[in-house]
Amino acid sequence: MRHSNFTAMAAMAAVLMMSGCSTSTVDTTKTTAIQPAAKDIETSDLAQGKAQFRDANYGLAEQHFRKAVELKADNAEAWMGLAASYDELGRFDFADRAYGQLLKVAGRKPQIVNNMGYSQLLRGNRKKAKALLLESKAGMADPTVVDANLALLNKG
């Protein structure tokens, strides 16, 4: 009895294998595929970096921002994101390097100085943070973000 079950199973397996090899039922209708959009890797990584940063995935944000600056070294927005990501990861040594590059690329703008002040606040360098935040506030048309950072400074 065992032998007949094995024979029946072997026969069924053979039928399945042979039907699997048949190509007579393959649909040969031609279709058109939409070509993938040419993607600007630097822009894509910049967008991904921003999205990851907003979601507080700072390690992933750092990876995308780093790729973006490697592909386009004069991208100030990517340098800003990279520096901020390093700040959030507590990698202040790398943040300082990124801020240094950012200053070379974009100059000493109030938004950059604000982020540098926030970086110092995260490190506990209150005096340096205050000086940078006040410098930033003096140059901003709308100092709302700087005021929030100064409030954090005064709170702690």
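Summary of the structure given here.

What counts, and at which threshold
- Residues numbered from 1 in each chain as written.
- Predicted model: local features only at pLDDT ≥ 70, side-chain atom pairs only at ≥ 80, totals over all residues.
- Heavy atoms only, no water.
- Helix = DSSP H or I, 4+ residues; strand = E, 2+ residues; numbered from the N terminus.
- Contact = heavy atoms within 4.5 Å.
- Phe/Tyr/Trp six-rings, centres within 6.5 Å; stacked < 30°, edge-to-face > 60°.
- Buried < 20%, exposed > 50% of the residue type's maximum accessible area, 1.4 Å probe, protein only.
- Core = buried A, V, L, I, M, F, W, Y, C linked by side-chain atoms within 4.5 Å.
- Axes fitted to C-alpha atoms, helices over the stretch in contact; angles between N-to-C directions.
- Parallel < 35°, antiparallel > 145°, perpendicular 65-115°, else oblique.
- Left-handed = near helix turned anticlockwise from the far one by under 90°.
- Nonpolar A, V, L, I, M, F, W, Y, C, P; charged D, E, K, R; others polar.
- Expected span 1.5 Å × (residues − 1).
- Arc of directions from axis to C-beta.

**Overview of the side chain of His-64**
Piece 1. Mapping His-64 onto the fold places it in helix α3 (residues 58-71).
Piece 2. Residue contacts for His-64: discarding those within four places in its chain leaves Asp-45, Gln-48, Gly-49 and Gln-52.

**What to know about the packing of aromatic side chains**
Piece 1. In total, this model carries two aromatic pairs according to the counting rule given.
Piece 2. Each ring, one from Tyr-86 and one from Phe-94, has its centre 5.3 Å from the other, and the planes form 40°; the classification is tilted.
Piece 3. With a relative accessible area of 26%, Phe-94 lands in the partly exposed category.

**Things to note about the nonpolar core**
Piece 1. Trp-79, Leu-82, Ala-98, Tyr-99 and Leu-102 are the most contacted members of the largest nonpolar core, which totals 19 residues.
Piece 2. Taken together, the elements giving at least two residues each to this core come down to α3, α4 (76-89), α5 (92-106) and α6 (110-123).
Piece 3. Discounting chain neighbours no more than four positions away, the residues touching Leu-82 are Glu-62, Phe-65, Arg-66, Val-69 and Ala-98.
Piece 4. Ala-129, Leu-133, Val-146 and Leu-153 belong to the second largest nonpolar core, which has seven residues in total.

**Structural notes on the packing of α6 against helix α7 (residues 126-139)**
Piece 1. Two elements in contact, α6 and α7, have axes whose closest approach is 8 Å; the angle formed by their N-to-C orientations is 160°. Between α6 and α7, the interaxial angle falls into the category roughly antiparallel. Here the hand of the crossing between α6 and α7 comes out left-handed. Seen from α6, the contacting residues are Pro-110, Val-113, Asn-114, Met-116, Gly-117, Tyr-118, Gln-120 and Leu-121; seen from α7, they are Lys-128, Ala-129, Leu-132, Leu-133, Glu-135, Ser-136 and Gly-139.
Piece 2. Taken together, the residues of the contact of α6 with α7 break down into eight nonpolar, five polar and two charged.

**Thoughts on unusual backbone geometry**
Piece 1. You will see that Ala-56, though not glycine, has its phi angle at about 65°, which is positive.
Piece 2. Position of Ala-56 relative to the elements: it lies in the loop between α2 (41-54) and α3.

**Thoughts on α5**
Piece 1. With 15 residues, α5 extends 20 Å from end C-alpha to end C-alpha; this agrees with the ideal 21 Å at 1.5 Å per step.
Piece 2. Among the residues of α5, Ala-95, Ala-98, Tyr-99 and Leu-102 are the ones counted as buried. The buried residues of α5 occupy one face: seen down the axis, they fall within an arc of 105°. Exposed positions of α5 whose direction lies more than 90 degrees from the buried face are Arg-97 and Lys-104.
Piece 3. Turning to α5, the residues buried within the fold contact α4 and α6.
Piece 4. Trailing α5 by a residue or two, Gly-107 shows a phi angle of about 85°, which is positive.

**Points about the environment of Ala-51**
Piece 1. With respect to the helices and strands, Ala-51 occurs in helix α2.
Piece 2. Residue classification places Ala-51 among the partly exposed residues on the basis of a relative accessible area of 24%.
Piece 3. Separated by 13 residues in sequence, Ala-51 and His-64 place their C-alpha atoms 9.8 Å apart.

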